[in-house]
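# Descriptive structure summary
Here is what each chain is made of, one letter per residue.
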There are 2 protein chains.
Amino acid sequence: MIRVILVEPEGEYNVGFIARLCKNFDVDQLYIVNPKCDLDKAKQFSAKGNTFLERAKVVDKLEDAIEDLDLKISTSSIADSKGDMLRKSMAPWEISSLIGRRQVGLVFGRESVGLTREEIAMTDIMVFIPANRDYPVLNLSHAVSIILYELWKSKVNENRISNDMNVSS
Amino acid sequence: MIRVILVEPEGEYNVGFIARLCKNFDVDQLYIVNPKCDLDKAKQFSAKGNTFLERAKVVDKLEDAIEDLDLKISTSSIADSKGDMLRKSMAPWEISSLIGRRQVGLVFGRESVGLTREEIAMTDIMVFIPANRDYPVLNLSHAVSIILYELWKSKVNENRISNDMNVSS
Ligand SMILES: Nc1ncnc2c1ncn2[C@@H]1O[C@H](CSCC[C@H](N)C(=O)O)[C@@H](O)[C@H]1O
Ligand SMILES: Nc1ncnc2c1ncn2[C@@H]1O[C@H](CSCC[C@H](N)C(=O)O)[C@@H](O)[C@H]1O
Ligand SMILES: Nc1ncnc2c1ncn2[C@@H]1O[C@H](CSCC[C@H](N)C(=O)O)[C@@H](O)[C@H]1O
């Protein structure tokens, strides 16, 4: 089970696009912590993902969005600062093997200031999407698209493998 | 050399986000064929990728954006229709090995109707990003982010390999 969790998103276009991406990559749930934008306006951008907006669970604090999860994964455009263990990161393609049958939450931060250190500390793992060293800061919904694509890819590959096994047995 | 080519983009947010992605993933050139939106308004969304907007080459027809290229790659959310050889597609992770020192163009279509059959026929290869069979149609700039991320990943891996070789030699 995969839950996408947005912490205080500020742009309706981002929230709308993320709802669409939840449909594109068959996410199970969308949670929004204390939205700072108008979720109704987000519908302009969600296309056939609008059901995710309608059913999105809005909560007050990050705690309320993660307390029932087995594995909490945060994301940040700032990774592996020297001597800062909190920021030690994994790559997007390294997390899919950890998911299995777990209840997993993917936590994305504010457009302006990302996640706080306290919020990152509430998660088990931090993921950094490798990009241009001069400017690795992706727009929020584009970071979401890359993580969901990577998880989808590994799901498709698993199905292919288990189908192959069915055929040969 | 990687050139991103947008054919008649309709949304300024998409064009702006794509300029930002060009910077995030160190693309060489951005070409825009007959834009249907206001490129000045796109600057609101391009953040530190605004130089790509300022230097974007605007042309009238797709031909003018691809004639000097070695390898032309189109993208579509409709792939592998039965019996339609034009639509036989490759996956994003399959194209990186084809790039090498070639001059490569990545061609993306209109938000409303994608690329025409004639435009796809002008390219050598078509790429389809695997996604939910019920709704594999990504928003334009999110499709761009996934393709550029895949190409970046393979570039990083190549560098890692050649650095390893330097170390061991
Ligand atoms: N908290 C939530 N936020 C948004 N959509 C939700 C949701 N909980 C359920 N949904 C809806 O329910 C659908 C997925 S529910 C789980 C589907 C899963 N693949 C399975 O079969 O087990 C989505 O399409 C979405 O529209
Ligand atoms: N390279 C990258 N890797 C992982 N997540 C990223 C990313 N670039 C952006 N994001 C995601 O997009 C969100 C908004 S970008 C936040 C940028 C902010 N200036 C900061 O100080 O962090 C981030 O919180 C993260 O969830
Ligand atoms: N799954 C996918 N794989 C590859 N490219 C995609 C994609 N989803 C969207 N795109 C890109 O995003 C552009 C806009 S989406 C176009 C959708 C349109 N309804 C159509 O008939 O095609 C497409 O032209 C393509 O360049």
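Calculation notes
Residues numbered from 1 in each chain as written. Chains lettered and ligands numbered in written order. Predicted model: local features only at pLDDT ≥ 70, side-chain atom pairs only at ≥ 80, totals over all residues. Heavy atoms only, no water. UniProt positions renumbered as here; feature names shortened; annotations may be inferred. Core = buried A, V, L, I, M, F, W, Y, C linked by side-chain atoms within 4.5 Å. Buried < 20%, exposed > 50% of the residue type's maximum accessible area, 1.4 Å probe, protein only. Contact = heavy atoms within 4.5 Å. Near = heavy atom within 4 Å. Polar contact = N/O pair within 3.5 Å; in protein donor to acceptor, adjacent residues only side chain to side chain. Areas by Shrake-Rupley, 256 points an atom, 1.4 Å probe, with all protein chains shown as cover. Helix = DSSP H or I, 4+ residues; strand = E, 2+ residues; numbered from the N terminus. Nonpolar A, V, L, I, M, F, W, Y, C, P; charged D, E, K, R; others polar. Pairing = 2+ DSSP bridges. Axes fitted to C-alpha atoms, helices over the stretch in contact; angles between N-to-C directions. Arc of directions from axis to C-beta.

Going by an unreviewed UniProt entry, chain A carries the name tRNA/rRNA methyltransferase (SpoU) and comes from Metallosphaera cuprina. Regarding chain A, the relevant UniProt record gives this comment under Sequence similarities (unreviewed entry): "Belongs to the class IV-like SAM-binding methyltransferase superfamily. RNA methyltransferase TrmH family."

For the rest of this paragraph, the subject is the nonpolar core. Residues Val4(A), Leu30(A), Leu106(A), Val4(B) and Leu30(B) are the most contacted members of the largest nonpolar core, which totals 76 residues. The contacts of Leu30(B), once residues within four sequence positions are left out, are Val4(B), Leu6(B), Ile18(B), Ala19(B), Cys22(B), Phe52(B), Ala56(B) and Lys57(B).

The next point concerns the site of ligand 1. Residues and elements named next belong to chain A. By nearness alone, every residue bordering ligand 1 is listed as Asp28, Gln29, Leu30, Thr51, Phe52, Arg55 and Ala56. Note that a nitrogen atom of ligand 1 is positioned 3.5 Å from one of the backbone N or O atoms of aspartate 28. Here threonine 51 contributes a side-chain N or O atom positioned 3.4 Å from an oxygen atom of ligand 1. Considering ligand 1 on its own, with 560 Å² of exposed area, one finds that the protein chains cover 57% of that surface. For the shell around ligand 1, the elements supplying multiple residues, two or more each, are strand 2 (29–33) and helix 3 (50–55). Per-element accounting of the shell around ligand 1 gives the leading share, 3 residues, to helix 3. Its residues assigned to classes, the shell around ligand 1 comprises 3 nonpolar, 2 polar and 2 charged.

On to the sheet that holds strand 1 (residues 2–7) of chain A. One key point about sheets: their strands pair by backbone hydrogen bonds, in either a parallel or an antiparallel sense. All names here are of chain A. In spatial order, the strands read 3-2-1-5-4-6; together these 6 strands make up an open sheet with parallel pairing. In this open sheet, the two edge strands, each paired with only one partner strand, are strand 3 (57–59) and strand 6 (125–127). Each neighbouring strand pair of the sheet contributes to a mean axis angle of 25°, computed without reference to strand direction. Summarising the sheet, strand 1 and strand 2 pair through 5 bridges and their orientation is parallel. Looking across to strand 2, one finds that valine 4 is bridged to leucine 30. Its contacts with the sheet put helix 5 (residues 92–99) on strand 1, strand 4 (71–75), strand 5 (104–108) and strand 6, and the angle it makes with strand 6 is roughly 140°.

Our next topic: helix 5 (residues 92–99) of chain B. Residues and elements named next belong to chain B. Buried residues of helix 5: Pro92, Ile95, Ser96 and Ile99, and no others. In a view along the axis of helix 5, the buried residues occupy a sector of 115°, so they form one face of it. Just downstream of helix 5 lies glycine 100, where phi reads positive at about 45°.

Here we come to the sheet that holds strand 6 (residues 125–127) of chain B. Residues and elements named next belong to chain B. Across the sheet, 6 strands lie side by side as 3-2-1-5-4-6; this open sheet has parallel pairing. Both edges of this open sheet fall to strand 3 (57–59) and strand 6, since each of them pairs with a single strand only. Between one strand axis and the next, the sheet turns through 25° on average, direction left out of account. Direction of pairing for strand 1 (residues 2–7) relative to strand 5 (residues 104–108): parallel, over a ladder of 5 bridges. Directly across from isoleucine 5, in strand 5, lies its bridge partner valine 107.

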